Amino acid sequence: MAGADVRTDTGSRAAHGDGTTLLIIAKEPVPGRVKTRLTPPYTPAEAATLAEASLADTLHAALAMPARRRVLVLDGRPGPWLPPGFEVVGQCDGGLDERLAAAFAACRGATLLIGMDTPQVTPALLAPALSPGSWHDCDAWFGPAADGGFWALGLAEPDPGLLRGVPMSTATTGAAQRRRLTDAGLRVRDLPMLRDVDTAEDAVRVAADAPGGRFARALARLSSRSTAR
């Protein structure tokens, strides 16, 4: 994959476990570049605040699970929001299908990829695909999203060809990606459906699903400021 490692810090919680690589694909939370569909009602800076909180919740859920490697596949540069325990690599150029394909192409062995738009993700939700025995009689894990996309994709043997050419960011993306897996003869297991944070309504519903998370707290602070104006 294009882009040199920006930072490697396994820290005291070094990756170990059943041999699955955990990828998180994300965009640096810069105002005007992230969560643009939240604007309005939120300002670009507020949308970036929510994006940072969403990413932080996702990263900390990943840290709580066993993995051979934890890799942040980042568009941008890491900031103080990044905890120890992740390798960081840059995203390649191209559409989302090409960037996801490149992320898998850089891995060997069982790999699970998740996005930064589901801050309600928990270790319990990830456990089926990251626990011992997760890949027994299983070639792929698939996590559908409520908007028709997907929030998680796992492959026992990473094959970038399983992603290239899948139409992204449509109401049928998830169905098309899952069909690509089954058409290839893979045995697919499903993770629970989650809602991506794309709109202000999504933000409210996701915060209600995970009221104790960083994302919910950030949304509550922004809502309090709006009420006080």
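Note that this is a predicted model, so its numbers are computed, not measured. (Residues numbered from 1 in each chain as written. Predicted model: local features only at pLDDT ≥ 70, side-chain atom pairs only at ≥ 80, totals over all residues. Heavy atoms only, no water.)

### Topic: the overall build of the chain
Here comes step 1: When its secondary structure is counted, the chain shows 6 helices and 8 strands.
Here comes step 2: Helices and strands in the chain line up, N terminus first, as β-β-α-β-β-α-β-α-β-β-α-β-α-α.
Here comes step 3: By the compact-globule yardstick of 17 Å for 229 residues, the chain fits well, its C-alpha radius of gyration being 17 Å.
Here comes step 4: With respect to the principal axes defined by its C-alpha atoms, the chain has extents near 55 × 40 × 35 Å.
Here comes step 5: Relative to its full complement of 229 residues, the chain shows a buried share of 50%.
Here comes step 6: In the chain, 68% of the contacts between residues at least 6 apart in sequence involve partners at least 24 apart.
Here comes step 7: When the accessible area of the chain is evaluated, it comes to approximately 10,000 Å², of which 52% is carbon and sulfur surface. (Helix = DSSP H or I, 4+ residues; strand = E, 2+ residues; numbered from the N terminus. Rg over C-alpha atoms; globule rule 2.2 N^0.38 Å. Buried < 20%, exposed > 50% of the residue type's maximum accessible area, 1.4 Å probe, protein only. Contact = heavy atoms within 4.5 Å. Areas by Shrake-Rupley, 256 points an atom, 1.4 Å probe, with all protein chains shown as cover.)

### What to know about the environment of Asp93
Here comes step 1: Along the chain, Asp93 falls in the loop between β4 (87–90) and α2 (96–105).
Here comes step 2: You can call Asp93 exposed: its relative accessible area is 72%.
Here comes step 3: For the pair formed by Asp93 and Met65, sequence separation is 28 residues and the distance between their alpha carbons is 30 Å.
Here comes step 4: Those residues in contact with Asp93, other than ones at most four positions away along the chain, are Glu98 and Arg99.

### Considerations on helix α5 (residues 200–209)
Here comes step 1: Within the sequence span of α5, burial applies to Asp202, Ala203, Val206 and Ala207. Each buried residue of α5 lies within a common arc of 130 degrees when the element is viewed along its axis, so the set occupies one face. Opposite the buried face of α5, by more than 90 degrees, sit the exposed residues Glu201 and Ala208. (Arc of directions from axis to C-beta.)

### Some thoughts on the pairing of strand β7 (residues 150–155)
Here comes step 1: The element β7 is largely enclosed, with a buried count of 6 among its 6 residues.
Here comes step 2: Pairing of strand β5 (residues 111–115) with β7 involves 4 bridges; the strand directions are antiparallel. From the neighbouring strand, Leu112 faces β7, where its bridge partner is Gly154.
Here comes step 3: Relative to β7, strand β6 (residues 140–144) is paired through 5 bridges, and the arrangement is antiparallel. (Pairing = 2+ DSSP bridges.)

### Remarks on the nonpolar core
In globular proteins that are soluble, nonpolar side chains generally tend to be buried together.
Here comes step 1: Ranked by size, the top nonpolar core spans 36 residues in total, and within it Ile24, Leu55, Leu59, Leu72, Leu112, Leu126 and Trp151 carry the most contacts.
Here comes step 2: Sequence-distant contacts of Leu112, defined by excluding residues within four places in its chain, comprise Thr20, Thr21, Leu22, Leu23, Leu126, Ala129, Leu130, Ala152, Leu153 and Gly154.
Here comes step 3: Listed in part, the 23 residues of the second largest apolar core include Val71, Phe142, Val166 and Ala176. (Core = buried A, V, L, I, M, F, W, Y, C linked by side-chain atoms within 4.5 Å.)

### Details of the state of the cysteines
Here comes step 1: One pass over the structure, following the stated rule, counts 0 disulfides.
Here comes step 2: Unpaired in this structure, Cys92 has its nearest cysteine sulfur neighbour in Cys107, at a distance of 13 Å.
Here comes step 3: On the accessibility criterion, Cys92 (16% relative accessible area) is buried.
Here comes step 4: Between Cys138, a cysteine without a disulfide, and Cys107, which holds the nearest cysteine sulfur, the sulfur-to-sulfur distance is 17 Å.
Here comes step 5: On the basis of relative accessible area, Cys138 is assigned to the buried category, the value being 2%. (Disulfide = S-S within 2.5 Å.)

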